[in-house]
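# Tertiary structure, described
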Amino acid sequence: MDALSRAGPRRARGRLGAASPGARAAAAPWARFSAWLECVCVVTFDLELGQALELVYPSDFRLTDKEKSSICYLSFPDSHSGCLGDTQFSFRIRQCGGQRSPWHAEDRHYNSGAPMSLQREPAHYFGYVYFRQVKDSSVKRGYFQKSLVLVSRLPFVRLFQALLSLIAPEYFDKLAPCLEAVCNEIDQWPAPMPGQTLNLPVMGVVLQVHVPSRVDKPEYSPPKQCSHENLLPAPVVLTSVHELDLFRCFQPVLTHVQTLWELMLLGEPLVVLAPSPAMSSEIVLALISCLQPLKFCCDYRPYFTIHDSEFKEFTTRTQAPPNVVLGVTNPFFIKTLQHWPHILRVGEPKMSGDLPKQVKLKKPSRLKTLDTKPGLYTAYSAHLHRDKALLKRLLKGLQKKRPWDTQTALLRRHLLELTQSFIIPLEHYMASLMPLQKSITPWKTPPQIRPFRQDDFLRSLEHAGPQLTCILKGDWLGLYRRFFKSPHFDGWYRQRHKEMAQKLEALHLEAICEANIETWMKDKSEVEVVDLVLKLREKLVQAQGHQLPVKEATLQRAQLYIETVIGSLPKDLQAVLCPS
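Residues numbered from 1 in each chain as written. Predicted model: local features only at pLDDT ≥ 70, side-chain atom pairs only at ≥ 80, totals over all residues. Heavy atoms only, no water.

Another point: the sheet that holds strand β8 (residues 236-237). Taken together, three strands build an open sheet; the order of strands is β6-β7-β8 and the sheet is mixed. Across the chains shown, the open sheet's two edge strands, defined by having one partner strand only, are β6 (197-202) and β8. Where strand β7 (residues 205-210) lies against β8, two bridges are found, and the strand directions are parallel. Among the inter-strand pairings, Q208 is bridged to a residue of β8, identified as V237. This element, helix α5 (residues 157-174), spans β6 and β7 of the sheet and lies at about 175 degrees to β7. (Pairing = 2+ DSSP bridges. Helix = DSSP H or I, 4+ residues; strand = E, 2+ residues; numbered from the N terminus. Contact = heavy atoms within 4.5 Å. Axes fitted to C-alpha atoms, helices over the stretch in contact; angles between N-to-C directions.)

In structure tokens form, the structure reads like this:
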């Protein structure tokens with residue numbers, strides 16, 4: 001597909017595809033670049049090949065043939081979109097096998113501090129696309145068609161769109177040298193650390209971003225700018241690295257936001273058919289973000305085409321539709337995915353001072369293969385009643401010409417409070433399954449976390465249900481029962497159980513460190529003492545790898561205990577446990 005990326009492994013340090021002298025020995029080549037991006041691709045239209053990969057940078061980044069093919073097809077709007085000029089959108093593809101650059105040590109630090117929904121993708125790549133199609137008489141087809149694509153594991157759509165809007169127009173004019181300079185600048189950026197505000201210089205501009213942390217408090221109002229620290233040039237402040245303009249994305253479906261929230265919560269298969277990749281990808285990403293702070297545990301594709309390698313897998317009728325949210329622009333999908341339970345068809349956005357025309361709820365039987373009108377085609381009945389007060393506030397905001405970021409903040413607050421009202425009873429019940437701290441003793445295996453019993457939880461809702469924090473009425477019990485069958489309950493439960501098990505291990509380690517170890521050792525055999533050393537070492541390794549929530553003082557004490565215990569053993573055992 002492209003001669004450059006088919007070549008054997010090379011370290012691209014200077015010219016595109018060439019090695020340069022004076023490579024830094026202190027860090028792995030492109031280590032800082034790799035903390036943000038996997039690679040940069042350029043996709044062009046070739047008269048003989050169709051979409052073709054013109055360039056991959058760094059040139060030694062290995063993409064499989066399947067990944068190259070997916071990137072090529074997903075980097076261009078399909079013929080139904082008719083996108084002229086410049087357009088931006090995003091896609092997400094499954095990572096295939098093949099040689100991978102090793103993960104950096106910072107990945108663990110980043111994931112441990114980042115919100116669940118913003119952690120690095122372990123098995124997918126995001127593609128952020130800037131596509132240009134303009135008339136050009138010097139080209140055979142009469143059009144210049146090219147895409148610049150940033151491939152990353154980070155879901156920072158706002159940051160990478162802002163970056164593309166700076167570098168893509170310049171690249172289309174000056175080509176390779178410009179791209180090389182930008183990649184070298186990104187390779188100087190500090191790694192993304194949750195909770196930090198970073199200044200990222202690129203092409204004479206400084207982007208100032210705050211990397212979200214799991215301990216951040218949610219912003220209900222539009223964020224304020226941070227200190228500029230006397231920087232020259234004054235930085236361009238991005239209010240968020242990932243949040244989209246929810247109000248704009250959801251304009252045609254505001255009356256059904258709660259129904260769509262329920263479909264997302266339950267991990268239901270949904271197709272979004274939009275007029276352009278920009279619109280399909282924004283609506284899909286907005287839908288996914290509805291569940292924050294809950295992690296979206298299903299698959300989703302902001303832009304998907306018939307050429308995708310998973311096309312057959314997603315469109316087969318021999319089994320139930322997968323738990324996927326698909327963004328498409330080709331009307332052919334209405335015929336192919338007619339058996340899917342929920343299809344959202346949106347038209348071209350029409351802006352006015354009033355609430356845009358809202359899509360209607362329609363039965364799936366009303367779907368027509370050709371000329372399907374905008375609508376949410378579903379037989380699903382929402383469990384919760386619609387919040388009419390929210391719609392009134394948003395409509396009033398439109399009439400008063402309230403800023404869009406304020407409208408978005410209102411909508412985001414509503415969805416956040418809805419999700420929190422749903423999750424808090426689950427969190428409270430889960431916390432009640434944790435053994436009491438007084439039952440954790442130093443020289444016995446920690447007690448087990450009690451099992452999650454759905455009936456017990458549902459009974460607890462009468463006194464500690466979502467009605468305590470949410471005014472919305474409806475069939476909350478029915479919603480929880482369906483939630484228990486969804487991938488999101490499984491994902492939430494596994495994560496919480498893992499965190500609780502780690503907390504138990506940490507409490508056990510603290511209990512050991514607070515006990516008198518000399519007294520314990522008096523009547524113990526060598527086998528029991530060695531077993532304690534091995535267990536303490538295992539806990540220490542876990543804690544040092546940020547897998548156990550323990551204080552530094554506890555770690556130091558555990559290390560001292562290990563040394564004390566080993567010192568009490570015969571010399572031959574000491575040699576085995578502490579080989580020089």
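Bringing the pattern of salt bridges into the picture now. Considering all chains together, one arrives at 21 salt bridges under this definition. Among the salt bridges present, the one from K68 reaches D65, with a minimum N-O distance of 3.9 Å. Taken together, the residues K68 and D65, both in helix α3 (residues 65-74) and three residues apart, mark about one turn of the helix. K68 gets classed as buried once you look at its relative accessible area, which sits at 5%. Under the relative-accessibility criterion, D65 is labelled exposed at 61%. Across the salt bridge formed by D245 and R248, the nearest N and O atoms sit 3.9 Å from each other. On the accessibility criterion, D245 (22% relative accessible area) is partly exposed. Assessed through its relative accessible area of 37%, R248 is described here as partly exposed. Among the charged side chains, a salt-bridge network with shared partners connects R92, R94, E121, D299, R301, E310 and E313. (Salt bridge = Lys/Arg side-chain N within 4 Å of Asp/Glu carboxyl O. Buried < 20%, exposed > 50% of the residue type's maximum accessible area, 1.4 Å probe, protein only.)

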